[in-house]
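Structural features, examined
Okay, here's what each chain looks like letter by letter:
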Amino acid sequence: MISRIRYTFREMWASLSRNLTLTAAAVITSTVSLFLFGGTLLIQRAFDNQLKKWTGGVEMIVYVNHGATPDKVELIRKALLAESSTVETVDYCDETCSAGIAATLFATDPAALEQLLPNIPSLFKVKPVDKSSSALLRSLKTQFEGLPNVHSVETPDEAVDLLSQLKDFFGVRTLVLSVVLLGASALLIWNTIRTAMFARRREIEVMKLVGATNWFIRLPFMLEGLLQGIVGAAMGSAALLFVNDNWTSGVRGFPDNSGLKSFVVTDGFPLWVCFWMVILGAFVGAVGSATAASRFLDV
Amino acid sequence: MIRLENVTKSYSTEVTALRDANFDIAKGEFVFLVGPSGSGKSTMLRLMNRQERPEKGAVWVAGRNINDMPDSKVPHLRRNIGNIFQDYKLLAGKTVFENIAFALEVIGKPRHVIRQQVPAVLELVGLGGKQERFPHQLSGGEQQRVSIARAFVNRPLILLADEPTGNLDPATGEGIMRLLDRINKTGTTVVMATHDQRIVNMMRKRVIQFDRGVIVRDQARGVYE
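Residues numbered from 1 in each chain as written. Chains lettered and ligands numbered in written order. Predicted model: local features only at pLDDT ≥ 70, side-chain atom pairs only at ≥ 80, totals over all residues. Heavy atoms only, no water.

As a further point, take the packing of aromatic side chains. Residues and elements named next belong to chain A. For the coordinates displayed, the defined rule picks out 7 aromatic pairs over all chains. Judged by centre distance (6.2 Å) and plane angle (65°), the rings of Trp272 and Trp276 are edge-to-face. One end of the pair is Trp272 and the other is Trp276, both in helix α10 (residues 269-295) and 4 residues apart, which spans about a single turn. Among the residues examined, Trp272 registers a relative accessible area of 47% and is labelled partly exposed. Overall, Trp276 belongs to the partly exposed group, its relative accessible area being 39%. (Phe/Tyr/Trp six-rings, centres within 6.5 Å; stacked < 30°, edge-to-face > 60°. Helix = DSSP H or I, 4+ residues; strand = E, 2+ residues; numbered from the N terminus. Buried < 20%, exposed > 50% of the residue type's maximum accessible area, 1.4 Å probe, protein only.)

Rolling a probe over the atoms, with the probe sized like a water molecule, indicates the empty space that remains. Taken as a whole and assessed by the stated rule, the structure comprises 2 cavities of 30 Å³ or more. Here the largest cavity is characterised by a volume of approximately 150 Å³. Taken together, 16 residues line the largest cavity, and the ones lying closest to its centre are Leu209 and Val210 of chain A together with Ile81, Arg150 and Ala151 of chain B. Secondary structure elements with two or more residues in the lining of the largest cavity: α8 (201-210) of chain A together with β6 (81-85) and α5 (140-152) of chain B. At 4 residues, the largest contribution of residues to the lining of the largest cavity is made by β6 of chain B. Here the second largest cavity is characterised by a volume of approximately 40 Å³. Surrounding the second largest cavity, Tyr7, Glu11, Arg200, Glu203, Ile204, Met207, Ile217, Pro220 and Phe221 of chain A form its lining. Of all the elements in the fold, those that place two or more residues in the lining of the second largest cavity are α1 (2-18), α8 and α9 (214-252) of chain A. Residues that form the lining of the second largest cavity fall into these classes: 6 nonpolar, no polar and 3 charged. (1 Å grid on protein atoms, 1.4 Å probe; cavity = no way out; pocket = protein on both sides within 12 Å on 5 of 7 lines; lining within 4 Å. Points joined across faces, edges and corners; volume = space filled by probe spheres on them. Nonpolar A, V, L, I, M, F, W, Y, C, P; charged D, E, K, R; others polar.)

Here the focus is the interface of chain A and chain B. By convention, interface size is frequently given as the accessible area that disappears when the constituent parts associate. On the side of chain B, 23 residues touch chain A, which itself brings 18 residues to the contact. Of the roughly 1,900 Å² buried where chain A meets chain B, counting both sides, 56% is carbon and sulfur surface. Ranking the residues of chain A by area buried against chain B places Arg202, Leu209 and Val210 of chain A at the top, with a combined share of 33%. Counting across the chain A and chain B interface gives 2 salt bridges. (Contact = heavy atoms within 4.5 Å. Buried area = accessible area lost by both parts, 1.4 Å probe. Salt bridge = Lys/Arg side-chain N within 4 Å of Asp/Glu carboxyl O.)

As structure tokens, then:
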């Protein structure tokens with residue numbers, strides 16, 4: 001058994017070093033494709049984080065007509081709370097509270113504030129259950145706007161829509177690109193193994209004639225492909241961690257209101273992505289080389 | 001040891017390499033397959049180690065019909081059959097020792113067995129002391145001896161030799177034949193394809209003659225006609 005293991009690794013190494021340029025090409029393609037694949041997952045996660053940050057503070061503002069009596073305000077509260085399946089919390093802010101908010105918002109524009117204060121509406125801050133669904137936000141807005149004594153309803157649905165669109169746009173395109181590149185790296189590994197087998201066809205012929213099993217002949221070639229996939233994945237993972245660290249430290253320096261502060265992935269997610277990249281790299285390498293080794297064994 | 005029953009092998013509709021071939025080869029026999037190029041000698045050898053399969057008939061080796069043998073069992077069959085070629089098929093990047101050890105290594109023999117068997121077989125073929133040389137540092141006759149050593153190192157039941165003296169001068173060829181005869185005397189069945197008239201006449205072994213895929217003569221202690 002030990003002699004077989006020694007033989008397998010020796011032959012794998014010999015084959016790798018003989019096809020150095022092809023091996024390098026296969027490893028680089030695996031690196032790039034797996035880097036893009038991992039990058040896609042991180043970008044999706046960053047969008048999720050950003051969306052969570054934005055939607056964490058998402059509130060619908062239901063403005064009540066100025067001068068509405070307490071019983072009319074209470075009717076609106078009951079109507080809002082009746083939507084328990086879609087509404088999480090309802091907080092009332094009377095005209096005094098509303099004036100306080102306006103004073104903060106218009107601190108630098110006293111003229112506008114002065115114009116606003118005489119007719120300032122009271123308001124309800126409504127937190128929806130699903131904050132990332134712009135369709136739900138729009139539907140609630142239409143529904144609440146129809147309530148008596150409601151002046152208007154404001155929702156952040158456009159911002160949520162934009163972020164979701166961006167996520168889909170980048171997510172789909174980078175995913176398609178990385179899948180295409182993964183296919184390319186599998187093909188390149190397949191071709192590398194095919195070339196390695198062709199270069200050693202005389203040895204393989206002798207091996208078959210002296211009674212080596214097909215598995216014994218295949219194994220070094222399959223390990224070679226597996227190693228190419230794993231090395232590619234490891235290099236891709238290292239590059240991904242480096243780029244992610246670089247991005248995160250760069251974004252941290254941005255101002256709070258830049259809107260990009262949360263477009264980072266700082267939890268253990270990158271390491272989890274790297275783990276799956278290595279598994280995927282090994283899988284692509286093993287499939288590419290196993291197919292080639294089986295297909296071209298009859299040399 | 002080897003039996004062919006009504007074996008027919010074609011490579012295309014126009015080319016029939018063997019037609020309705022029948023013969024038995026007993027254990028320990030030395031048999032020459034003779035005939036002109038393209039008469040079916042090499043095809044016969046390729047049928048015996050399952051490199052080819054016949055369209056019709058059965059090839060029995062060591063009591064088993066190897067046509068019905070599953071592919072997974074073929075390597076085990078081949079461990080009992082040594083192969084010798086006209087062009088030696090040695091691996092240029094390996095030394096004499098490594099070329100022979102390779103045959104044992106790929107069938108999973110442990111290192112201590114390899115260290116023991118390789119020098120012994122090199123002594124047998126007369127190449128003791130040349131185990132560190134590379135094939136290009138050897139003469140044609142020596143390279144063929146390495147090829148024989150590689151084929152015999154696993155002590156197979158059968159040796160199949162395809163024109164082993166084809167690239168050698170007469171004196172060297174005779175040396176190779178003496179070596180094959182010695183191996184045959186250890187009980188190994190030797191089947192050799194050749195059109196070397198001088199060697200067949202010198203050895204006076206059983207001769208099976210082919211002509212355009214048909215066996216036209218099967219003669220004990222025969223000569224080349």
